[in-house]
Amino acid sequence: RITTVSARQIFDSRGNPTVEAEILTENGRFRGAVPSGASTGTNEAKELRDGGARYMGKGVSRAVDNIRNVIGPAIQGKDPVCQATIDKAMMDLDGTDDKSRLGANAILAVSIAVCRAGAAAKEVPLYKHIGDLAGNAQFVLPMPCFNVINGGVHSGNYLAPQEFMIVPVGALSFKEAMEMGSETYHHLKRLIQAKYGLNAANVGDEGGFSPPLSNFEDALDLLVSAIKDAGYTDRVKIGVDPASSEFFRDGLYDLNFKDPARVGKDLLSAEALAELYTKLLLTYPIMLLEDPFEEDSFCEFTKFTSLVDCQVVGDDLLCTNPARIKHAIRQKSCTTLLLKVNQIGTISESIEAVQLAKEAKWRILASHRSGETEDCFLADIAVGLACGQIKSGALARSERLSKYNQLLRIEEELGTAAVFAGLQGRLV
Ligand code: PGA
Ligand code: ZN
């Protein structure tokens, strides 16, 4: 039984305030900390921030108070194993569609802490409890997608596309995927330093390098060379998340949006952007493209998905929102759900989102946010829901590695029962 519910303001990897919930049961103390995005979708559940001058308006004392004074009293005495009942109670208390009254940050922090307490009450590992909640008994270690070059709103260079990922599709275990990722990452560092100088290997928000690149081709050429230098040609493929809502203005896309000298010049229509992607897909070993068009472009997504072979991932398009996912399934707008639990705000709704995507035979890419904490819940949810793929940034910065390291522990714990998702998140 939940005896005490408390919360505090802690800090995320960008130094911004975020919420940590803490609940006590007869089994101990359980915490949940929430991450926060920079390229957030308009249709995400809303974080409650204090506004005003302190912490640049980003304080979360109101969300913390809501946990202590509103959510806490309502869930005290409840059995933490009953995740759906507790999540539903919090949603009813909030009463809005986007969780803006109590704050999705307040609700999710509690939802995660409750999930941990539920696992402890059953004396099972967290991933197993999450699997039980979803009716899934097959635990799968996900294929990692390492974001090794950072652009967009995650870095201080002029590169418009946000994420360039390497995906070690030739790996036969999660451990081997980490080795291949780590080696390629360090070869990339060497290449960047040789070509652009020592300080070009500084990292962005997700631990990827942030060299002074200005277009897709520069970044993709670097990745192809790094993969070759590491000896993994054909065994490591590439994923790209342009996060194109960030450079969409008045119906057009601006790939120069961060460069003061070129902003507003060479604007692209959706058709021209689709043509550029098609050319890149023919030239580079790209297996995954996320948010190629802005967040409400269901039709553009549909047209593009019907034409290309690669995985088309919906992030801002879907916002992990069951209603938007259903619409995208009907429209055949994409082939992969990006799962971000804080876009929707409870574990129960995240499970529902994954179940919808699975019924449609989509793939699932479990995802961190660009502002993260050391909380590694993402690793357990990826295994428990058998998502098949995960992105948690590069092989640098411990808020990124905490998820990958937890997956190494889970793989070891499962031993010979460990199943690793192979190529494109399908089982090997
Ligand atoms: P965000 O970026 O966490 O800043 O939204 C991640 C993504 O776009 O996938
Ligand atoms: Zn994205």
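Residues numbered from 1 in each chain as written. Chains lettered and ligands numbered in written order. Predicted model: local features only at pLDDT ≥ 70, side-chain atom pairs only at ≥ 80, totals over all residues. Heavy atoms only, no water.

The chain has the name phosphopyruvate hydratase in an unreviewed UniProt entry, where Coccomyxa viridis is given as its organism. As its UniProt record puts it under Sequence similarities (unreviewed entry), the chain is described as follows: "Belongs to the enolase family." (UniProt positions renumbered as here; feature names shortened; annotations may be inferred.)

Caption draft 1: Structural view of the UniProt feature "binding site: substrate" (unreviewed entry) in the chain. As recorded in UniProt, the feature "binding site: substrate" (unreviewed entry) lies at H154, E163, E290, D315, S367, H368, R369, S370 and K391. Along the chain, the position of E163 falls in strand β7 (residues 163-167). Note on E163: relative accessible area 2%, which makes it buried. The contact partners of E163, leaving out residues within four places of it in the chain, are N147, I149, H154, E206, G239, V240, D241 and K391. Its location among the elements puts E290 in strand β11 (residues 286-290). Residue E290 is classed as buried on the basis of its relative accessible area of 0%. With near-sequence residues (within four places) excluded, E290 lies in contact with M165, V240, D241, P242, A243, V313, D315, L338, L365 and K391. (Helix = DSSP H or I, 4+ residues; strand = E, 2+ residues; numbered from the N terminus. Buried < 20%, exposed > 50% of the residue type's maximum accessible area, 1.4 Å probe, protein only. Contact = heavy atoms within 4.5 Å.)

Caption draft 2: Quick peek at the sheet that holds strand β12 (residues 311-314). In space, the 9 strands of this open sheet follow the order β5-β15-β14-β13-β12-β11-β8-β7-β6, with mixed pairing throughout. Two strands in the sheet have a free side with no partner beyond their single neighbour: β5 (143-144) and β6 (146-150). The pairing of strand β13 (residues 336-339) with strand β14 (residues 363-367) spans 4 bridges and is parallel. In the sheet register, T336 faces β14, and the bridge partner there is R363. Helix α6 (residues 216-229) rests against β6, β7, β8 (237-241) and β11 of the sheet, and its axis sits at about 20° to β7. (Pairing = 2+ DSSP bridges. Axes fitted to C-alpha atoms, helices over the stretch in contact; angles between N-to-C directions.)

Caption draft 3: Representation of the pairing of strand β15 (residues 388-391). Bridging between β5 and β15 involves 2 bridges; their strand directions are parallel. Of the residues in β15, the one forming a bridge with M143 is Q389. Note: β14 against β15, 4 bridges, orientation parallel. Counted as the bridge partner of I364 is G388 from β15. Note on the crossover from β14 through helix α12 (residues 377-384) to β15: the handedness is right-handed. (Right-handed = clockwise from strand over helix to strand, strands pointing away.)

Caption draft 4: Quick look at the coordination of the zinc ion (ligand 2). Within the protein, the zinc ion (ligand 2) binds to D241 (OD), E290 (OE) and D315 (OD); these donor distances fall in the range 2.0 to 2.2 Å. The sequence motif formed by the donor residues of the zinc ion (ligand 2) is D-x48-E-x24-D. You can see D241 sitting in strand β8 and its partner D315 sitting in the loop between β12 and α9 (322-331), a full 74 residues away along the chain. Owing to a relative accessible area of 0%, D241 belongs among the buried residues under this scheme. Look at D315 and you get buried, because its relative accessible area is 2%. (Donors = N, O, S within 2.8 Å, 3.2 Å for Na, K, Ca; no water.)

Caption draft 5: Quick peek at the site of ligand 1. The environment of ligand 1 is formed by 13 residues, the closest being A38, H154, R369, S370 and K391. Contact with the protein chains covers 100% of the free accessible surface of ligand 1, which is 280 Å². Within the shell around ligand 1, the residues separate by chemical class into 1 nonpolar, 5 polar and 7 charged. (Near = heavy atom within 4 Å. Areas by Shrake-Rupley, 256 points an atom, 1.4 Å probe, with all protein chains shown as cover. Nonpolar A, V, L, I, M, F, W, Y, C, P; charged D, E, K, R; others polar.)

Caption draft 6: Molecular detail of the state of the cysteines. Evaluation of the coordinates by the stated rule reveals 0 disulfides. Here C334 stays unpaired: no disulfide links it, and the sulfur of C310, its closest cysteine neighbor, is 12 Å away. (Disulfide = S-S within 2.5 Å.)

Caption draft 7: The environment of D241, seen in detail. C-alpha separation for the pair D241 and S333, spaced 92 residues apart in sequence, amounts to 16 Å. Among residues more than four places away in sequence, those in contact with D241 are P161, Q162, E163, M165, E290, D291, D315 and K391.

Caption draft 8: Representation of the pattern of salt bridges. Tallying each qualifying case throughout the model produces 25 salt bridges. In this structure, K88 engages D92 in a salt bridge whose closest nitrogen and oxygen atoms are separated by 2.8 Å. Here K88 and its partner D92 are both found in helix α2 (residues 83-94), 4 residues apart, which amounts to about one turn of the helix. Each of R8, E20, E22, R29 and R31 takes part in a single network of salt bridges with overlapping partners. (Salt bridge = Lys/Arg side-chain N within 4 Å of Asp/Glu carboxyl O.)

Caption draft 9: Seen up close, the sheet that holds strand β3 (residues 28-33). Across the sheet, 3 strands lie side by side as β1-β2-β3; this open sheet has antiparallel pairing. Edge positions in the sheet fall to β1 (2-11) and β3, since each of these pairs with one other strand and no more. Shown here is a sheet whose adjacent strand axes are inclined to one another by a mean of 20°, direction ignored. In terms of strand pairing, strand β2 (residues 17-25) meets β3 through 6 bridges, oriented antiparallel. When the sheet's bridge partners are listed, A21 is paired in β3 with G32. Sheet strands in contact with helix α1 (residues 61-75) are β1 and β2, and its direction is about 170° off that of β1.

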